[in-house]
Amino acid sequence: MLRQAREYGPAALVPLAWGFVTAAHLGAVADETLFVAHVVMTVLLAVFAVTGRRDMREGTLRVWWSIVAVGFVVTLLGTVGFRVGAGGAALQAVALFAWMLLPAVGFVDTARRGADRAWLYYGAALGSLLGAGLYAVGLLVAVPALLVAGLALVGVAQTAGIVDAAFGY
């Protein structure tokens, strides 16, 4: 059962996470709720990294395991960001941008290794990068709509890639 949760869980958790982050940006999620979500995701990532390590030692699975392991660290930093004064927002930003960009590495690796739908993985990587760029521009020019558009693009792109990986790779 744990193996199935590791294989198919991300197909549900990725869109849920991006939807949650987008809802938070729209003011629909309280900071304390977002903190709890970070704690839960940190624990899930730790469990995934520990229990999946044996099965993810080679090829693209090794790359994805590395993404999960680094993702655990940055998610933990984002969690800490909720509890420290100065620098908390920076830690949260590191976690957010890391999760926008880290999966792009995995998608490119998956495509490069000859996935049946390589175009989908390259598209997921591109959507992740463009979404992160849109979000960054939104921060620089203080346009909330660009923040939400960036999050939506990242969410859709990564969901497409991870659903295909879970059910079709």
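It should be noted that the structure appears before, not after, this text.
Residues numbered from 1 in each chain as written. Predicted model: local features only at pLDDT ≥ 70, side-chain atom pairs only at ≥ 80, totals over all residues. Heavy atoms only, no water.

Caption draft 1: Summary view of the environment of Ala 115. By secondary structure assignment, the location of Ala 115 is in the loop between α4 (88-112) and α5 (118-141). By relative accessible area, which is 10% here, Ala 115 ends up buried. (Helix = DSSP H or I, 4+ residues; strand = E, 2+ residues; numbered from the N terminus. Buried < 20%, exposed > 50% of the residue type's maximum accessible area, 1.4 Å probe, protein only.)

Caption draft 2: Representation of the packing of helix α1 (residues 2-25) against helix α2 (residues 31-52) in the model. Between α1 and α2, the shortest axis-to-axis distance is 12 Å and the interhelical angle comes to 155°. In terms of orientation, α1 lies roughly antiparallel with respect to α2. Classified by chirality, the crossing of α2 by α1 is left-handed. When α1 is examined against α2, the residues Leu 2, Arg 6, Pro 10, Leu 13, Phe 20 and Ala 24 are found in contact with a partner set consisting of Thr 33, Leu 34, Ala 37, Leu 44, Phe 48, Thr 51 and Gly 52. (Axes fitted to C-alpha atoms, helices over the stretch in contact; angles between N-to-C directions. Parallel < 35°, antiparallel > 145°, perpendicular 65-115°, else oblique. Left-handed = near helix turned anticlockwise from the far one by under 90°. Contact = heavy atoms within 4.5 Å.)

Caption draft 3: Summary view of unusual backbone geometry. Here the phi dihedral of Ala 142 falls at roughly 55°; this positive angle occurs in a residue that is not glycine. Residue position: Ala 142 is located in the loop between α5 and α6 (144-168). Taking relative accessible area as the criterion, Ala 142 reaches 63% and is therefore assigned exposed.

Caption draft 4: Region of interest: the side chain of Gln 158. Within the secondary structure, Gln 158 is located in helix α6. Those residues in contact with Gln 158, other than ones at most four positions away along the chain, are Val 14, Trp 18, Trp 99, Met 100, Pro 103, Phe 107 and Ser 128.

Caption draft 5: Here's a closer look at the nonpolar core. Counting residues in hydrophobic clusters, the biggest one holds 19 residues, and the most contacted among them are Met 56, Trp 64, Val 68, Leu 102, Phe 107 and Tyr 121. Put simply, the parts of the chain that give this core at least two residues each are α2, α3 (59-81), α4 and α5. Sequence-distant contacts of Leu 102, defined by excluding residues within four places in its chain, comprise Ile 67, Val 70, Gly 71 and Val 74. Residues Val 21, Leu 96, Met 100 and Leu 151 belong to the second largest nonpolar core, which totals 11 residues. (Core = buried A, V, L, I, M, F, W, Y, C linked by side-chain atoms within 4.5 Å.)

Caption draft 6: Spotlight on the pattern of salt bridges. Counting across every chain of the model gives five salt bridges. Asp 109 is the salt-bridge partner of Arg 113, the closest N and O atoms lying 2.8 Å from each other. Take Asp 109: its relative accessible area is 7%, and that puts it in the buried class. Salt bridges linked by common partners bring Asp 109, Arg 112 and Arg 113 together as one network. (Salt bridge = Lys/Arg side-chain N within 4 Å of Asp/Glu carboxyl O.)

Caption draft 7: Layout of α5. For α5, built from 24 residues, the straight-helix expectation of 34 Å at 1.5 Å per residue is met to within 8% by its first-to-last C-alpha distance of 34 Å. Listing the buried residues of α5 in full gives Ala 118, Leu 120, Tyr 121, Ala 124, Ala 125, Gly 127, Ser 128, Gly 131, Ala 132, Tyr 135 and Gly 138. For α5, the elements touching its buried residues are α1, α4 and α6. Following α5 by one or two positions, Ala 142 has its phi on the positive side, about 55°. (Expected span 1.5 Å × (residues − 1).)

Caption draft 8: Representation of a nonpolar patch on the surface. On the surface, Leu 13, Leu 16, Val 36, Val 40 and Leu 44 cluster together into a nonpolar patch covering about 400 Å² of accessible area. Looking at the nonpolar patch, the elements that each hand over two or more residues are α1 and α2. Counting residues per element, the nonpolar patch draws most heavily on α2, at three residues. With respect to the helices and strands, Val 40 occurs in helix α2. (Patch = residues over 30% accessible without salt bridge, like charges linked within 9 Å, V, L, I, M, F, W, Y side chains within 5 Å. Areas by Shrake-Rupley, 256 points an atom, 1.4 Å probe, with all protein chains shown as cover.)

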